[in-house]
Structure formats: structure tokens, C-alpha cells
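An overview of the molecular structure
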Amino acid sequence: QVQLLESGGGSVQAGGSLRLSCAASGLPFSTLIIGWFRRVPGKEREFVAAIAGFGYHTEYADSVKDRFTISRDNTKNTAFLQLNSLRPEDTAVYYCAANRDGSLLYGKIQTVDYWGQGTQVTVSS
């Protein structure tokens, strides 16, 4: 059983930055595709970014491209999401997700096998 634990959320002003972490346990970390999704109350969870097992392939939603960066450190079983140039519309609960299927790289939420508990990001104007 894979467990994912997010951290790093918080409150910032528009233009600020945050770094989210996702610590994983339960399976060899490099075998996992890691994704980040976010949800605003009243809306569906939406894809943000994903990274392949050894970090050579990343994908981003258009809304965060050039502002957010996904990365991973397989020696620490941890993935990261660097959030820069934050906007009020980035306010959401951010979830770490994982599976062993490459389709997660393209944001296919129905393929997610494991979810973290979420971490709140609040951006004020």
C-alpha cells in the first residue's frame, strides 16, 4: 500500500512562491508516476502537473506552465511542486497522486491509484 503525505501549503500574497512536498512510502519510489491535482470548492479536481519515475518526462496544465515546476528526488522518496508567480486563482487544495501507469502523465485522474490527504494553498490579492 502506497502512502503519500503532502506538506508545504500555506498562505501567500499574489506573486509569491510556495514549495509543496509529497513524501511516499510503500513501493519503490522510482516505479511511481507522481502527479499533482488541485480542487477548488464546488469544482472538480483538476490536473496540475506530473512527472515520470526518473524525472525525464514532465507534463503541465496550460494554466500553470512556466510558473510551476514539478521535480522529484528518488533518494528521498519525495516529489516537489514549486509554485511561483502565484495568483489568487491558484487558491485550492493541492493533492499528490500516484500510479504506475504512464497515463497519469497526461492528467487522467481516473487512473490514479493513490492519493495524499491534500494541502491548502491560499493566495491573496
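Report on the accompanying structure. (Residues numbered from 1 in each chain as written. Predicted model: local features only at pLDDT ≥ 70, side-chain atom pairs only at ≥ 80, totals over all residues. Heavy atoms only, no water.)

**Structural notes on the sheet that holds strand S3 (residues 18–25)**
- If you trace the four strands from one edge of the open sheet to the other, you get S1-S3-S8-S7, paired in antiparallel fashion. Taken across any chain shown, the strands that pair with only one partner, and hence form the sheet edges, are strand S1 (3–7) and strand S7 (68–73). Averaged over all pairs of adjacent strands, the angle between their axes in this sheet comes to 15°, without regard to strand direction.
- Examined bridge by bridge, S1 and S3 share five bridges and lie antiparallel to one another. Note on S3: the bridge partner recorded for leucine 5 is alanine 23. (Pairing = 2+ DSSP bridges. Helix = DSSP H or I, 4+ residues; strand = E, 2+ residues; numbered from the N terminus. Axes fitted to C-alpha atoms, helices over the stretch in contact; angles between N-to-C directions.)

**Some words on the packing of aromatic side chains**
- Counted by the stated rule, this structure contains three aromatic pairs.
- Between phenylalanine 37 and phenylalanine 47 the ring centres are 5.7 Å apart and the planes differ by 70°, which places this aromatic pair in the edge-to-face class. Of this pair, phenylalanine 37 sits in strand S4 (residues 33–39) while phenylalanine 47 sits in strand S5 (residues 46–51); the two residues are 10 residues apart in sequence, bridging distant segments of the chain.
- For phenylalanine 37, a relative accessible area of 0% corresponds to the buried category.
- Phenylalanine 47 gets classed as buried once you look at its relative accessible area, which sits at 17%.
- Between phenylalanine 37 and tryptophan 115 the ring centres are 5.2 Å apart and the planes differ by 65°, which places this aromatic pair in the edge-to-face class. A residue pair is termed long-range when its members are at least 10 positions apart, and phenylalanine 37 in strand S4 and tryptophan 115 in strand S10 (residues 114–115) qualify at 78 residues.
- Note on tryptophan 115: relative accessible area 32%, which makes it partly exposed.
- Cluster of aromatic residues (ring-pair linked, three or more members): Phe37, Phe47, Tyr95 and Trp115.
- The residue whose ring lies beneath arginine 45 is tyrosine 95, and the NZ or CZ to ring-centre distance is 3.8 Å. (Phe/Tyr/Trp six-rings, centres within 6.5 Å; stacked < 30°, edge-to-face > 60°. Buried < 20%, exposed > 50% of the residue type's maximum accessible area, 1.4 Å probe, protein only. Lys NZ or Arg CZ within 6 Å of the ring centre and 35° of its normal.)

**Some details on the nonpolar core**
- Counting 39 residues, the largest nonpolar core has Trp36, Leu81 and Tyr94 as the members making the most contacts within it.
- Every element with two or more residues in this core is listed here: S3, S4, S5, S7, strand S8 (78–83), strand S9 (92–99) and strand S11 (119–124).
- Apart from the residues within four sequence positions on either side, leucine 81 is in contact with Leu18, Arg19, Leu20, Trp36, Val48, Ala49, Phe68, Thr69, Ile70 and Tyr94. (Core = buried A, V, L, I, M, F, W, Y, C linked by side-chain atoms within 4.5 Å. Contact = heavy atoms within 4.5 Å.)

**Some points on the pairing of S7**
- Only one face of S7 is covered, namely the face carrying Phe68, Ile70 and Arg72; the face carrying Thr69, Ser71 and Asp73 is uncovered.
- Both S7 and S8 contribute to a ladder of six bridges, which runs antiparallel. Note on S8: the bridge partner recorded for serine 71 is phenylalanine 80.
- If you look at the hairpin formed by S7 and S8, you'll find four residues sitting between the two strands, and asparagine 77 has a positive phi there, around 55°.

**Notes on the state of the cysteines**
- Applying the stated rule across the entire model yields one disulfide.
- The disulfide bridge from cysteine 22 ends at cysteine 96, spanning 1.9 Å between sulfur atoms. Between cysteine 22 and cysteine 96, the disulfide has an S-S torsion of -75° and is therefore left-handed. Here the residue cysteine 22 occupies a position in strand S3, and cysteine 96 occupies one in strand S9, the gap between them amounting to 74 residues. (Disulfide = S-S within 2.5 Å.)

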